[in-house]
Amino acid sequence: MATFLSKLFKPKWQSKHLETRKQALELLDGLKAEDLNILTQLAENDPSPEIQALAIQKITDTEVLIALHKKAKDDLKAHLEKRLYALASAQSLSIFDLILDLDLLTDMIIKSNQADSYIRGLARINNPQVLLKIATQSRNAQIRQAAAELIDSEKELNELFGIAKNKDKTVYQISKSKLSEIRASTQKEAENQERICKLLKDLENLSRTEALQHFDARLAHLTKQWEELSTIANDQQNKQFTELTSQCENKLKTIIASESAKPETKTSEAEQTEAQAAQGELDATLSTIKDTLTRFQHQALKTLEISALDALIKTQENRWLEATREIDLNKLQHKTYSDGIAQLRHYLKAMHSLADQSEVLTTTSAALSQTNNLTPHELEQYRKTLKTALKNIDWPQNFFVPEVIVEAQSAIAISNEKKQELVEKQKLIEARISDLIEKMDISLEDKQIKTASQDLKDIQANLSKLESKQAAHFQQGLALRINQLNELRDWQGYANTPKQEELCDAMERLAETHIDPAEKAEKIKAMQQEWKSLGGTGNQELWSRFKTAADKAFEPCALFFAEQKQLKQNNLHKREMLLSQIKAYTAEIDWVQASSKNVNPSWTNSDWKAADKINRQARQEWKDAFPVDFKANKALQAEFNKVMDEFDQHLENEKAYNLSLKQAVVDKANELINADDIDASIQTVKALQDQWQKIGITHHKADRKLWAEYRSACDAIFTKRQELREAKRSELDETIHAANATCSALEEASSELSRKSLEELKAQLIENKKAAQTLPTLPAKVHEKIIQRFDAISSKINLELATRESQKKQAVWLEIARKSSVLKQVFRELRKQQQPLSEERANEITQQLASVTQLPNNLENKLNLVWQDIKTGNTESLSILNENQAREICIACEIAAGLESPESDKALRMHLQVSRLSEGLSSAGENVSRETQLENAMTKWYLSVADLDLDLSAFECRVDAARNKLQP
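Thresholds applied
Residues numbered from 1 in each chain as written. Predicted model: local features only at pLDDT ≥ 70, side-chain atom pairs only at ≥ 80, totals over all residues. Heavy atoms only, no water. Helix = DSSP H or I, 4+ residues; strand = E, 2+ residues; numbered from the N terminus. Buried < 20%, exposed > 50% of the residue type's maximum accessible area, 1.4 Å probe, protein only. Contact = heavy atoms within 4.5 Å. Areas by Shrake-Rupley, 256 points an atom, 1.4 Å probe, with all protein chains shown as cover. Expected span 1.5 Å × (residues − 1). Polar contact = N/O pair within 3.5 Å; in protein donor to acceptor, adjacent residues only side chain to side chain. pLDDT = per-residue confidence, 0-100. Patch = residues over 30% accessible without salt bridge, like charges linked within 9 Å, V, L, I, M, F, W, Y side chains within 5 Å. Salt bridge = Lys/Arg side-chain N within 4 Å of Asp/Glu carboxyl O. Disulfide = S-S within 2.5 Å. Core = buried A, V, L, I, M, F, W, Y, C linked by side-chain atoms within 4.5 Å. Phe/Tyr/Trp six-rings, centres within 6.5 Å; stacked < 30°, edge-to-face > 60°. Axes fitted to C-alpha atoms, helices over the stretch in contact; angles between N-to-C directions. Parallel < 35°, antiparallel > 145°, perpendicular 65-115°, else oblique. Left-handed = near helix turned anticlockwise from the far one by under 90°. Nonpolar A, V, L, I, M, F, W, Y, C, P; charged D, E, K, R; others polar.

(A) Quick peek at the overall build of the protein chain. Assigned secondary structure in the protein chain consists of 37 helices and two strands. Buried positions account for 35% of the 968 residues belonging to the protein chain. When contacts within the protein chain are restricted to residue pairs at least 6 apart in sequence, those whose partners lie at least 24 apart make up 70%. Summing over all exposed atoms, the protein chain offers an accessible surface of approximately 60,300 Å²; the carbon and sulfur share of this is 51%.

(B) Expanded view of the environment of Gln 173. Among the secondary structure elements, Gln 173 is positioned in helix H13 (residues 169-208). Looking at Gln 173, the relative accessible area reads 39%, which means it is partly exposed. Linking Gln 173 and Phe 161, residues twelve residues apart in sequence, is a C-alpha distance of 8.3 Å.

(C) Structural context of helix H34 (residues 883-897). Given a rise of 1.5 Å per residue, 15 residues ought to cover 21 Å, and the 21 Å separating the end C-alpha atoms of H34 matches this to within 8%. Considered for burial, the residues of H34 that qualify are Ala 886, Ile 889, Cys 890, Ile 891, Cys 893, Glu 894, Ile 895, Ala 896 and Ala 897. The backbone nitrogen of Asn 884 has a side-chain oxygen 3.2 Å away, supplied by the residue at the start of H34, namely Asn 882. Of the residues one or two after H34, Gly 898 is the one with positive phi, at around 75°.

(D) Representation of the confidence of the model for the protein chain in the model. Scored by pLDDT, the protein chain comes out at a mean of 77, with 84% of its residues at no less than 70. Under a pLDDT of 50 for its full length, residues 1-9 has, in the predicted model, zero contacts with residues more than four places off or in other chains. In this model residues 921-925 is a low-confidence stretch, pLDDT under 50, and it forms one contact with partners more than four residues away in sequence or in other chains.

(E) Highlighting the side chain of Thr 364. Note that Thr 364 resides in helix H18 (residues 331-369). Residue classification places Thr 364 among the buried residues on the basis of a relative accessible area of 7%. With residues near it in sequence (within four places) discarded, Thr 364 still touches Tyr 382, Thr 385 and Leu 386.

(F) Here's a closer look at the side chain of Thr 698. Along the chain, Thr 698 turns up in the loop between helix H28 (678-695) and helix H29 (700-749). There is a polar contact of 2.9 Å between the side chain of Thr 698 and the side chain of Asp 703. Every residue in contact with Thr 698, bar those within four places of it in the chain, is listed here: Lys 655, Asn 658, Leu 659, Lys 662 and Asp 703.

(G) The arrangement of a nonpolar patch on the surface in detail. On the surface, a cluster of nonpolar side chains totalling about 230 Å² of accessible area is made up of Phe 554, Phe 560 and Phe 561. When you line up the elements, Phe 561 lands in helix H24 (residues 540-588). By relative accessible area, which is 32% here, Phe 561 ends up partly exposed.

(H) Focus on the state of the cysteines. This structure, assessed with the given rule, holds zero disulfides. With no disulfide partner, Cys 957 has as its closest neighbouring cysteine sulfur the one in Cys 890, 9.7 Å distant. Judged by relative accessible area, Cys 957 falls into the exposed class, the value being 52%.

(I) Examining the nonpolar core more closely. Residues Ile 816, Val 826, Trp 867, Ile 870, Trp 941 and Tyr 942 are the most contacted members of the largest nonpolar core, which totals 40 residues. At the level of secondary structure, the elements contributing two or more residues to this core comprise helix H31 (780-833), helix H32 (839-848), helix H33 (857-872), H34, helix H36 (930-942), strand E2 (944-946) and helix H37 (953-963). If you tally residues by element for this core, the top one is H31, at nine residues. Setting aside residues no more than four positions away along its own chain, Tyr 942 makes contact with Trp 813, Ile 816, Ala 817, Ser 820, Lys 824, Leu 863, Val 959, Asp 960 and Arg 963. Among the nonpolar cores identified, the runner-up in size contains 34 residues, and Leu 344, Leu 348, Ala 350 and Leu 354 belong to it.

(J) Quick look at the pattern of salt bridges. One pass over the structure, following the stated rule, counts 25 salt bridges. The shortest N-O distance in the salt bridge between Glu 883 and Arg 887 comes to 2.6 Å. With Glu 883 and Arg 887 both in helix H34, this residue pair falls four residues apart, about one helical turn. Residue classification places Arg 887 among the partly exposed positions, given a relative accessible area of 23%.

(K) Region of the structure containing the packing of aromatic side chains. Tallied over the full model, the rule gives ten aromatic pairs. Considering the side-chain rings of Trp 692 and Trp 707, the 5.2 Å spacing of their centres and the 55° angle between planes classify their relative orientation as tilted. Pair noted here: Trp 692 is in helix H28 and Trp 707 is in helix H29, with a separation of 15 residues, a long-range link. Classification of Trp 692 as buried rests on a relative accessible area of 6%. Measuring from ring centre to ring centre gives 5.5 Å for Trp 707 and Tyr 710, while their planes differ by 40°; the resulting arrangement is tilted. Remark: Tyr 710 and Trp 707 occur in helix H29; sequence separation between them is three residues, near one turn of the helix. The class for Trp 707 is partly exposed, based on a relative accessible area of 24%. One aromatic cluster in this structure is built from Tyr 347, Trp 395 and Phe 399.

(L) Quick peek at the environment of Asp 905. You can see Asp 905 is positioned in the loop between H34 and helix H35 (906-921). As a C-alpha pair, Asp 905 and Cys 890 span 15 residues in sequence and 9.9 Å in three-dimensional space. Those residues in contact with Asp 905, other than ones at most four positions away along the chain, are Arg 887, Ile 891 and Arg 958. At a separation of 3.1 Å, a polar atom in the side chain of Asp 905 contacts the side chain of Arg 887.

(M) Structural context of unusual backbone geometry. Residue Pro 627 is bonded to the preceding Phe 626 through a cis peptide linkage, with omega at 5°. Here Pro 627 shows up in the loop between helix H26 (605-624) and helix H27 (630-672).

(N) Region of the structure containing the packing of H24 against H26. Direction vectors running N to C along H24 and H26 enclose 160°, while the axes themselves pass 11 Å from each other. In terms of axis orientation, H24 runs roughly antiparallel to H26. When you trace H24 past H26, the crossing you get is left-handed. Residues Arg 575, Leu 578, Leu 579, Ile 582 and Tyr 585 of H24 form the contact with H26, whose own contacting residues are Asp 607, Ala 610, Ala 611, Ile 614, Ala 618, Glu 621 and Trp 622.

(O) The arrangement of the packing of H36 against H37 in detail. In contact at an axis separation of 11 Å, H36 and H37 are set at 150° when each is read in the N-to-C sense. Here H37 runs roughly antiparallel to H36, going by the angle between their axes. Handedness of the H36/H37 crossing: left-handed. Contacts between H36 and H37 pair Leu 934, Met 938, Trp 941 and Tyr 942 from the former with Phe 955, Glu 956, Val 959, Asp 960, Ala 962 and Arg 963 from the latter. Of the residues in the contact of H36 with H37, the class split is seven nonpolar, no polar and three charged.

(P) Geometry of the environment of Ala 278. Here Ala 278 lies in helix H16 (residues 267-298). Once the C-alpha coordinates of Ala 278 and Arg 319 are considered, the two residues, 41 residues apart in sequence, prove to be 9.4 Å apart.

Dropping the structure here:
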């Protein structure tokens, strides 16, 4: 009765009938909480996709739609995304304003083909990994390109460059261009930094130099150079420049004062010092020239570096001139400098020429590589252009040769062979023309107009292949022969004109007659033969009349024959292709192995099915390829019949054998009906069914008959099993109930974990795992749900254990911080009093340093050592911080904890990060976690002390903030 009432008052939206659920859904309001809950259930669980879609259209809560999207399948996701679009449009929002879940947005963008809906909003995505995913996986090319344009990270651009290289040409070009810009910017920045460092180094050397000649000029030159670099230098570098400039100016003042006060007897010492400095400058100049020559002898100068090389040459020349004013040169030094600077100038000039001629070299080399399409004249022009360009470049010996020059030289070498081939070809054509002219002369003497006309055509065709100079050699003699041929045509036309006019009349009548195309074609052919027998005519008007009439008469025939010919050719080609494919297919098969009754992994039943299908399809396609030319098809048909007969025999043998195997399966199934062990019978029946499916091809009619017998035996066995299964069902229900009870007891025991000790928690975790491992055999879904409950209990216990472990670690670091504070205070106290601690004060400090919380032995021992060093006054073993060291430790803590540093420490932080990166690259890739880095930095802080003049309060706050990141 209760079941009946529950059905009677069941909500309509839960009805089994589709129309009833539709009607109930129409009455639901998505703005009401209760109705929204029902709509959510329908959208998530209703068996009808139509109801799910209608429910989604009623939902207006974006968060609900997003939650549904995360759990939905692909078909339902499309409806949810459409609804989200509609809600965004209704509120005049973009989809990026409506959906804040980046994973969902990414998924929608990748699957969408609507570029306009997403391209503008892509700029709001700041995650380069997400942009990379969109640029490589989106279905829409415009979206991929827009995402690629927004990626600025070199790491992601490198990944995109590799992925898109052979898949998306436009995205590949975008990533390539952006990488080039980044690398160019990085290179320029590196070059600027190199210039800055070099200038500062030169200024530092100037501030220390003892070579005082032209000191003021050198200082002015460096100061002028800094004006250009000061805007790109950082604060530290500008500060360093100011300090060094001040030192140099002070030194300059000292020089001026000392020069005015120095007695004349000191001049020799100054001259000696200046000579030594000048000699150093000479040696440095020669070394720079040598290093530069060595570099460019092994690698090519980049186009962007041409101006840098020019500047280097000028700098070294000025440097040499300045130095040579003070000392006399030996011949070897002068020759080394002259040769080196001359080679560099030659190389610089060649690089300038290469930059100007690069495009000419590239395009001409490419054109010259297409030698098969070039005339001798064009080939020679391209060769001349390349040789001129290479001569203008005048590339110096012993220097690395750029690829573009190598390609040009290779193109010239290849063209040499082709030039010789073309010359030989021209000679063969000339010989052929001479032979044809002799043949034409014989035809003219015999008054063979038709043969002479054909010879003339062949001569003119060959003349068109010659260069103009060679062709002109034959033209004059050919003109006389053409006149002679025309005279013969005029004489013959006079005698044959009446007969040809009759043929024109007959052909014009035939053109107006409607008869069978084949018959009309025969008549046209007969009249054309008669016209040819008359030897043609010199009367172009008469010939044009005959040809026009013949063309008009043949129009219906031409269309008919063209269609028939093309159809027969196509069908013959189809049959040739089909026969070729069948022969290739059957030739590849080892029929002995294929028909082997042993297990043959290289030939399966699916292959036999495919072979049977190919056999039937081949016969049908052969039949469909009709009509064909009988003569051309005769041999083809005989070959096809032979191949297919052999093919059929193999298939027949296999089908007969497979039929015997299926009969054996049916006999075995009938034997199992009366077997006592039903489970074994079921397994055997299943194995037999697998065996049946694996047997392979048979004749359809016989196969269906055996299948009916087999199914009858199977039904009898499964009916018997069903009766036994009902008896076992009640036993299984009791087992499930006991497993749920065990799980409930363990859940209740884990309700208040915070009150239990660590030992109790670990014991309960072991008990929970043991209970999960010893579950009895249950249905898969039931077993999965119970295991999920056990996993939830284990997760809860593990979370409590992890929390306590984290609290313990935090307590340890708080205790270390407390003891460190005591040590720092005592160290300051000693520095302030300037006398040892009294015994009473030392005992008091020792008591304060007694650990409230147990510390790791290594840290406990290190803190005790610091106390001993303070107490005994052994400052050499102590780590006494200055302000810069304190800042570095604080910054290290903040980097490891993921915290921002104060604005004033940003530059120092950047410097430390770059240093750490360099150290990391050189340390064989050791991986240290952020937590370990933070603990190492804090250990360094807590084991250090500081002098009275260093206020640690601000630094202590920063370290405490980093330490708090260790909290659970």
